[in-house]
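# Structural overview
This is what each chain is made of:
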Amino acid sequence: MNFLEERIVKDGVVKEGNILKVDSFLNHQMDINLFDQMGEEFKRRFADKPINKIVTIEASGIGIACIVARHFGVPVVFAKKTQSVNIDGEVYVAEVESFTHKCKNQVIVSKKFLGPDDHVLVIDDFLANGCALQGLISIVAQAGGTVEGIGIAVEKGFQQGGRIIRNLGYQLESLAIVDGMDAATGEVHFREQ
């Protein structure tokens, strides 16, 4: 069992409906030492890639992406879920459906922050159905950039997202892949990696 799986077993909470709450350390309250370990591991797994930018989506991927970016020495660009007055100029747009929030969002990235010279590592906290990742992949493609890899903290292996993304040919590295959960016992079953 790796460091993230151990933390999920220790502090994660399994809820009905295949919900894994990790808000005490991953996506509400954030354990920066844990994020640092994650950044180190993603750097190891993607060491041979010419990554010059980290891309994530608002909001819970931002913290992890920032720490990962520190390990690569590159900037982070995050896709925003709402147009705001401080985004000027042209933008790339993709529609993304959220598994967690059960809604669709138009996500945007300013064209001045992503272009054809960018070699991107996409980072996010969770992978369920893969909609957010497909939106980010679309934005990088619109920019003419290259997705060099995708790093996920927790993948729900019993949902289709991981299979879809891997079938598209991307190097997808998930630090913990959950193959099953039991809300009655609180047990989490991880895929051997």
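Source: prediction; values computed, not measured.

### A short note on the packing of helix 2 (residues 32-45) against helix 3 (residues 62-72)
The geometry of helix 2 relative to helix 3 is characterised by a closest axis approach of 8 Å and an angle of 50° between their N-to-C directions. By the angle between their directions, the pair helix 2 and helix 3 is classed as oblique. Where helix 2 crosses over helix 3, the handedness of that crossing is right-handed. Listed contacts from helix 3 to Ile-32, Phe-35, Asp-36, Met-38, Gly-39, Glu-40, Phe-42 and Lys-43 of helix 2 are Gly-63, Ile-64, Ile-67, Val-68, Arg-70, His-71 and Phe-72. Its residues assigned to classes, the contact of helix 2 with helix 3 comprises eight nonpolar, three polar and four charged.

### Considerations on the sheet that holds strand 8 (residues 146-156)
One open sheet holds the six strands; their spatial order is 4-3-7-8-9-10, and the pairing between them is mixed. The open sheet is flanked by strand 4 (76-79) and strand 10 (187-190), the only strands paired with a single partner. Strand after strand, the sheet turns through a mean of 25° between neighbouring axes, direction not considered. Pairing between strand 3 (residues 53-57) and strand 7 (residues 119-127): three bridges, direction parallel. Note on strand 7: the bridge partner recorded for Val-55 is Val-122. Against the sheet, helix 1 (residues 3-11) makes contact with strand 8, strand 9 (172-182) and strand 10, and its axis sits at roughly 30° relative to strand 9, the strand it touches most. Of the strands in this sheet, strand 7, strand 8 and strand 9 are in contact with helix 2, which crosses strand 9 at around 120°.

### Describing the nonpolar core
Among the nonpolar cores identified, the biggest contains 32 residues, and Leu-4, Ile-8, Leu-20, Leu-26, Ile-54 and Val-154 are the most heavily contacted of them. Ranked by the residues each element gives to this core, the list is headed by helix 3, at six residues. The residues contacting Ile-54, other than those within four sequence positions of it, are Ala-65, Val-68, Ala-69, Phe-72, Val-74, Pro-75, Val-76, Val-77, Leu-121 and Ile-123. Among the nonpolar cores identified, the runner-up in size contains 25 residues, and Val-55, Val-77, Val-96 and Val-140 belong to it.

Cut-offs and rules
Residues numbered from 1 in each chain as written. Predicted model: local features only at pLDDT ≥ 70, side-chain atom pairs only at ≥ 80, totals over all residues. Heavy atoms only, no water. Axes fitted to C-alpha atoms, helices over the stretch in contact; angles between N-to-C directions. Helix = DSSP H or I, 4+ residues; strand = E, 2+ residues; numbered from the N terminus. Parallel < 35°, antiparallel > 145°, perpendicular 65-115°, else oblique. Left-handed = near helix turned anticlockwise from the far one by under 90°. Contact = heavy atoms within 4.5 Å. Nonpolar A, V, L, I, M, F, W, Y, C, P; charged D, E, K, R; others polar. Pairing = 2+ DSSP bridges. Core = buried A, V, L, I, M, F, W, Y, C linked by side-chain atoms within 4.5 Å. Buried < 20%, exposed > 50% of the residue type's maximum accessible area, 1.4 Å probe, protein only.

Scope: geometric values only; no functional claims are made or implied.
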